[in-house]
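Understanding the architecture of this molecule
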2 protein chains.
Amino acid sequence: MELNEKKIKIMEVAEKLFAEHGFSGTSVREIAKRADVNVAMISYYFDSKDKLLESIFLYRGDYLQSKIEDLLQDESLSSWKKLEWVTDEYVRKFISNQHLHRIISRENGMIHNGYIRNFIIQRRHQHYMILRGFVEQGQEKGEMKAGVDTLMLYTTLQSLTQHLVLNADFMQTVIFSETKRDPSFQELQDRTQQYLKVSMRAILQVDTIQMEK
Amino acid sequence: MELNEKKIKIMEVAEKLFAEHGFSGTSVREIAKRADVNVAMISYYFDSKDKLLESIFLYRGDYLQSKIEDLLQDESLSSWKKLEWVTDEYVRKFISNQHLHRIISRENGMIHNGYIRNFIIQRRHQHYMILRGFVEQGQEKGEMKAGVDTLMLYTTLQSLTQHLVLNADFMQTVIFSETKRDPSFQELQDRTQQYLKVSMRAILQVDTIQMEK
């Protein structure tokens, strides 16, 4: 996607409006007004409101792919370190885009069979393939166990991160009742990342007894 | 909650309408019309639309608690068998109430700070306490590892089950691309339950080397 200042302005304004009023509750006319451009220009750049949302996703998520390739080639790091990097990066990236994910979650019923839904499924499929690549590398090196359900492993990563964004209030309620202390969002994020890494290790570790055979 | 035929009829009609048109998209007048009662009777029985939804939750989820107590006392089963029973039962129960969970998920943005939101948080807190009870029993017996983040363990159970209900299409897309076969919902449910049990074992198992010390 070629970017220029006007395009970026439109996307940032649209993202903010979608977050405030919902995707379906925001008109292209309103976006044009706030971004100080005319409606025809939005159509020219993005074609439709669906494609505008898709462009925001691409704009917010584009940079990861090239880093992944470098990391897969890097022989100096263990498979565990790489998997942990990917896990942390996924959570961090998701959190930094949480407005977008709230929009999607809220609209999920409405756009269930639509263009955006298919786009999200494709994106998740890509993320799953990335995680699978790292796990397979670890398995080929004998550092990780074979026969693990990698789709469910990715699903756990995706679900727990989404849970963190949408249900922080639940976690805060439980932690407050147990410790009489209000945890910050950062604390919840650290705890989620820590748990993801520890549990992935537990699930993927090669059984010690088997290794000694 | 005392039940009678009329009350049950109203709840079942309301649940169906909420699932079809959303919670906020369904009026008490419409519920009254379809259930063939008058609006005053709904107010008399349930007070408000919020409390009607709460009553549906209680109606759909009430029976579990007594089984839990019996199971905790049962000395003939291992801690693992008990945890697996709770896991399977949670998923099965959630799936059988999936209309309700779709409603909640779709309305999440709108009722974020409301009465229903607090009610859901309380219910989840109860479910978390149940899971914690079983894990603590296993830990006291030395069958399960101490120092595991039980809140995140519960969150995984809750998130993966919700993911199954709301994102079956994602899982189907991935499985189709890998096997050229359309999995049934039952297959996805079995796979989720299997993964939950295997991964809980991995996370909670007492390290073999430590045990031999």
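The shown structure was predicted, so the numbers you read here are calculated from the model rather than taken from an experiment. (Residues numbered from 1 in each chain as written. Chains lettered and ligands numbered in written order. Predicted model: local features only at pLDDT ≥ 70, side-chain atom pairs only at ≥ 80, totals over all residues. Heavy atoms only, no water.)

1. A look at the interface of chain A and chain B
- Facing the 42 residues of chain A at the interface are 42 residues of chain B.
- Buried surface at the junction of chain A and chain B, summed over both partners, amounts to about 3,800 Å²; 62% is from carbon and sulfur atoms.
- Summed over the three residues of chain A that lose the most area to chain B, namely Met152(A), Phe170(A) and Tyr195(A), the buried surface amounts to 18% of that side.
- Joining chain A to chain B, the criterion identifies four salt bridges. (Contact = heavy atoms within 4.5 Å. Buried area = accessible area lost by both parts, 1.4 Å probe. Salt bridge = Lys/Arg side-chain N within 4 Å of Asp/Glu carboxyl O.)

2. Let's talk about the domain arrangement of chain A
Residues and elements named next belong to chain A.
- Taken domain by domain, chain A comprises domain 1 (5-57) and domain 2 (63-212).
- The gap between the C-alpha centroids of domain 1 and domain 2 is 29 Å.
- Counting residues at the interface gives 13 residues for domain 1, matched by twelve residues for domain 2.
- Here domain 1 and domain 2 share an interface that buries about 1,300 Å² over both sides, 71% of which is from carbon and sulfur atoms.
- Of all residues in domain 1, Ala19, Glu54 and Phe57 bury the most surface against domain 2, accounting for 45% of the area lost on that side.
- Summed over the shared surface of domain 1 and domain 2, the result is zero salt bridges.
- Between the two partners, domain 1 and domain 2, sit zero residue pairs in polar contact (both at pLDDT 80 or more).
- At the level of elements, α1 (5-21) and α4 (49-61) are the ones that each hand at least two residues to the side of domain 1 that touches domain 2.
- The element best represented in the side of domain 1 that touches domain 2 is α4, accounting for six residues. (Domains from an automatic or database assignment. Polar contact = N/O pair within 3.5 Å; in protein donor to acceptor, adjacent residues only side chain to side chain. Helix = DSSP H or I, 4+ residues; strand = E, 2+ residues; numbered from the N terminus.)

3. Notes on the environment of Ser184(B)
- With respect to the helices, strands and loops of the structure, Ser184(B) is situated in the loop between α10 (168-179) and α11 (185-204).
- The partly exposed category is assigned to Ser184(B), whose relative accessible area is 38%. (Buried < 20%, exposed > 50% of the residue type's maximum accessible area, 1.4 Å probe, protein only.)

4. A closer look at the relation of the copies chain A and chain B
- Overlaying chain A on chain B yields an RMSD of 0.0 Å, the required transformation being a rotation through 180° with an accompanying axial translation of 0.0 Å. The superposition operator between the copies reduces to a two-fold rotation axis. (Least-squares fit on C-alpha atoms with pLDDT ≥ 70 in both.)

5. A few points about the packing of helix α1 (residues 5-21) of chain B against helix α3 (residues 39-46) of chain B
Residues and elements named next belong to chain B.
- The contact between α1 and α3 brings their axes to 11 Å, and the two run at 100°. One way to sum up the angle between α1 and α3 is to call them roughly perpendicular. Mapping the contact onto sequence places Lys6, Lys7, Ile10 and Met11 in α1 and Met41, Ile42, Tyr45 and Phe46 in α3.
- Along the lines of polarity and charge, the residues of the contact of α1 with α3 split into six nonpolar, no polar and two charged. (Axes fitted to C-alpha atoms, helices over the stretch in contact; angles between N-to-C directions. Parallel < 35°, antiparallel > 145°, perpendicular 65-115°, else oblique. Nonpolar A, V, L, I, M, F, W, Y, C, P; charged D, E, K, R; others polar.)

6. Describing the pattern of salt bridges
All names here are of chain A.
- For the structure on display, the rule yields 16 salt bridges over all chains.
- The salt bridge partner of Glu30 is Arg34, with a shortest N-O separation of 3.3 Å. Taken together, the residues span about one helical turn, with Glu30 and Arg34 both in helix α2 (residues 28-35) at a distance of four residues.
- Residue class for Glu30 comes out partly exposed when judged on its relative accessible area of 25%.
- Note on Arg34: relative accessible area 45%, which makes it partly exposed.

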